[in-house]
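The primary structure of each chain is shown beneath.
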Amino acid sequence: MIRISNLRYSYGSSGFQLSIPRLEVTATAKVGIVGPSGSGKSTLLNLISGAKVPNDGEIVVGDLSVSSMSDSQRRNFRASRIGFVFQDFELLDYLTVEENVLLPFGINSHLKFGQEQRELLESLAGQAGIAGKLNRRPEQLSQGERQRVAICRALITAPKIVLADEPTGSLDPQTAQEVLNLLIDQVSKHSATLLMVTHDHSQLHRLDRTIDMAQFLGSPVGSRVTDSQSREVSP
Ligand code: ADP
Ligand code: MG
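Residues numbered from 1 in each chain as written. Chains lettered and ligands numbered in written order. Predicted model: local features only at pLDDT ≥ 70, side-chain atom pairs only at ≥ 80, totals over all residues. Heavy atoms only, no water.

For the structure on display, the rule yields four aromatic pairs. Ring centres of F105 and F113 lie 5.2 Å apart, and the angle between their planes is 65 degrees; this geometry places the pair in the edge-to-face category. F105 gets classed as buried once you look at its relative accessible area, which sits at 14%. Aromatic ring contacts, followed pair by pair, group Y9, Y11 and F16 into a single cluster. (Phe/Tyr/Trp six-rings, centres within 6.5 Å; stacked < 30°, edge-to-face > 60°. Buried < 20%, exposed > 50% of the residue type's maximum accessible area, 1.4 Å probe, protein only.)

Here you go:
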């Protein structure tokens, strides 16, 4: 479960301000996040993951108040609870594909790597179509393959919260479909929450709900409807 209340965030330099009076996402929801470029979609994911801290308001994820954590608690929270697919992938060029996928285990010593994780690696890599490329470096992959490595890395810890920033943005329609299947399969299997930024409206019917960021732009807290901020998308 994700619960946001009275959130305000601004980048001091750019004048951009995000105000979210209230937003709730249930634990097993698969949610599409849409909105024009610059409307704060990536910022929202970074706030939920604890990579950014709100100026005001509260963000609760599961039973944890992310917005009240110390820096080290937030780092630990991010590494152990969140699977994040970065818009620009953030793969490390000096590591192999396999090492990139397994990076979360290197970053967080509390995460256990055993037979189960080894099997998940094989199954994810197979489903993502990168099984034969685990020993390559990211620079030896196509853009779409790199994106799929980033997705495998986000899923390898079987996280309860998956935040994906345009995870199919670099993919052709067929591969995008397969990658979305992979994300949805894994999230459903682990009863996790999926928040996925997308510009591809043809994907939204696969998700439970859509949040349009346009509603949060520049609206002072309290001046707008405080419930049902999201609109349901009919199948
Ligand atoms: P989206 O993902 O919807 O395209 P972002 O969340 O990336 O939007 O950005 C929201 C707004 O904040 C944009 O106007 C962007 O220019 C601005 N912004 C993003 N990152 C920074 C930053 N580090 N410093 C200043 N402004 C930023
Ligand atoms: Mg973005």
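Next comes the rest of the account.
With that settled, consider the environment of S188. Structurally, the position occupied by S188 is in helix 7 (residues 173-189). S188 sits in the partly exposed class, given a relative accessible area of 38%. Along the primary structure S188 and K30 are separated by 158 residues, whereas in three dimensions their C-alpha atoms are 8.7 Å apart. (Helix = DSSP H or I, 4+ residues; strand = E, 2+ residues; numbered from the N terminus.)

Quick look at the site of ligand 1 now. The full set of residues close to ligand 1 is Y11, S13, S14, F16, P36, S37, G38, S39, G40, K41, S42 and T43. K41 is positioned such that a nitrogen or oxygen atom in its side chain is 2.8 Å from an oxygen atom of ligand 1. Burial of ligand 1 by the protein amounts to 62% of the accessible area it has alone, namely 560 Å². Class assignment of the residues belonging to the shell around ligand 1 gives a composition of three nonpolar, eight polar and one charged. (Near = heavy atom within 4 Å. Polar contact = N/O pair within 3.5 Å; in protein donor to acceptor, adjacent residues only side chain to side chain. Areas by Shrake-Rupley, 256 points an atom, 1.4 Å probe, with all protein chains shown as cover. Nonpolar A, V, L, I, M, F, W, Y, C, P; charged D, E, K, R; others polar.)

In this section: the coordination of the magnesium ion (ligand 2). Each protein donor to the magnesium ion (ligand 2) is listed here as S42 (OG) and Q87 (OE1); together their distances run 2.1 to 2.8 Å. In this pair, S42 sits in helix 1 (residues 41-49) while Q87 sits in the loop between strand 6 (82-85) and helix 3 (97-101), placing the two residues 45 residues apart along the sequence. When its relative accessible area of 25% is taken as the criterion, S42 is described as partly exposed. Exposure remark for Q87: the relative accessible area of 40% places this residue in the partly exposed category. (Donors = N, O, S within 2.8 Å, 3.2 Å for Na, K, Ca; no water.)

What follows is about the sheet that holds strand 3 (residues 30-34). Here five strands make up an open sheet; going across it, the order is 6-7-8-3-9 and the pairing parallel. Edge positions in the sheet fall to strand 6 and strand 9 (209-212), since each has one partner strand and no second. Taking the axes of each pair of neighbouring strands and ignoring which way they run, one obtains an average angle of 15 degrees across the sheet. Relative to strand 8 (residues 193-197), strand 7 (residues 161-165) is paired through five bridges, and the arrangement is parallel. Bridging across to strand 8, I161 finds its partner in T193. With respect to the sheet, helix 2 (residues 71-81) is in contact with strand 6 and strand 7, its orientation differing from that of strand 6 by roughly 80 degrees. Against the sheet, helix 6 (residues 143-155) contacts strand 6 and strand 7, and its axis sits at roughly 175 degrees relative to strand 6. (Pairing = 2+ DSSP bridges. Axes fitted to C-alpha atoms, helices over the stretch in contact; angles between N-to-C directions. Contact = heavy atoms within 4.5 Å.)

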